[in-house]
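# Structural features, examined
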Amino acid sequence: MLSLWRPAARSAASQCTRRTLSTTPSRRLFSDKEHNDALNVFAAPPPTGQSSSPSTPTTARVDGGITTEALAAKSSHAVFEVPPDRDPLLHYMTNLIMKHGQYSRASKIVSEMLLHIHTLTRSPPMPIVREAIFKVSPAVRVSTMKMGARVVVTPVSLSERQRTGQGIRWLLEASNNKPGTALQERLAKEIVAVVKGESGALEKKLQMHRSAMVARGSLKTR
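Cut-offs and rules
- Residues numbered from 1 in each chain as written.
- Predicted model: local features only at pLDDT ≥ 70, side-chain atom pairs only at ≥ 80, totals over all residues.
- Heavy atoms only, no water.
- UniProt positions renumbered as here; feature names shortened; annotations may be inferred.
- Helix = DSSP H or I, 4+ residues; strand = E, 2+ residues; numbered from the N terminus.
- Buried < 20%, exposed > 50% of the residue type's maximum accessible area, 1.4 Å probe, protein only.
- Contact = heavy atoms within 4.5 Å.
- Polar contact = N/O pair within 3.5 Å; in protein donor to acceptor, adjacent residues only side chain to side chain.
- Core = buried A, V, L, I, M, F, W, Y, C linked by side-chain atoms within 4.5 Å.

As annotated in an unreviewed UniProt entry, the chain carries the name Ribosomal protein S7 domain-containing protein and is attributed to Ephemerocybe angulata. Within the UniProt record for the chain, the comment given under Sequence similarities (unreviewed entry) is "Belongs to the universal ribosomal protein uS7 family."

A tally of regular secondary structure across the chain gives 9 helices and 2 strands. Within the chain, buried positions represent 33% of all 222 residues. When contacts within the chain are restricted to residue pairs at least 6 apart in sequence, long-range pairs at least 24 apart make up 65% of them.

Further remarks concern the environment of Met208. Along the polypeptide, Met208 turns up in helix H9 (residues 200-214). Here the alpha-carbon distance between Met208 and Arg141, two residues 67 residues apart in the chain, equals 6.4 Å. Other than its neighbours up to four places away in sequence, Met208 contacts Val140, Arg141, Val142 and Trp170.

By the element assignment, Ser211 lies in helix H9. Residues Ser211 and Thr154, 57 residues apart in the sequence, show an inter-C-alpha distance of 9.3 Å.

Here Thr164 lies in helix H7 (residues 160-174). Only 2.8 Å separates the side chain of Thr164 from the backbone oxygen of Glu160, close enough to count as a polar contact.

Note on soluble globular proteins: their nonpolar side chains tend to be buried together. If you look at the biggest cluster of nonpolar residues, it comprises 30 residues, and the most contacted ones within it are Met93, Ile97, Met113, Val129 and Ile191. Where this core is concerned, the elements lending two or more residues are helix H4 (88-97), helix H5 (103-121), helix H6 (125-136), H7, helix H8 (183-196) and H9. Among residues more than four places away in sequence, those in contact with Met93 are Val110, Met113, Val129, Ile133 and Ile168.

This part takes up unusual backbone geometry. For His100, which is not glycine, the phi torsion reads 60 degrees and is therefore positive. Along the chain, the position of His100 falls in the loop between H4 and H5. Notably, Arg122 is not glycine yet its phi reads approximately 55 degrees, a positive angle. By secondary structure assignment, the location of Arg122 is in the loop between H5 and H6.

Right, dumping it as structure tokens:
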């Protein structure tokens, strides 16, 4: 324990305590400016009567993406930042998409999904993916248990890995309702819809939280 007072050991211990969990969709991996710039494309356009210039043309949105004005402004200097090869969140998403052990095929789906998100938004895709998973991940779930002749419903808190996994599964289920034949295209549109607040996966999260609130009376208290 005395070695912790040395400067080298003290700095190493402080770095370990600041390290985030591997599957947490932490928005702090990006700076506040990068995160805000990536999500500002989803901001609603100003009302017609409150426009700064009277000759502003009518805003139109690209299919599932941003407005045409924001697209024109970003197209001149937009740069696609390639995420790290072994990003923990992308690795976890790839494992959930993978079927029959075909990891390379699932990894290709995730890579093309990021390209589709960048095409729709002209912004770095990773802050958008993390924000979507953060919004759709539930905090609790309900568990049913039979006690005698009655069934007791109890809310159970989820760990960070469980929350992230459930959020990704809901995204994959909701992406089946999006138009398109490729999974990567449908998943990209669903992630953009979640950030815009127009996804059915958000309703599943609200319904899960309502069920947990109703069943909170079955919790044992001291």
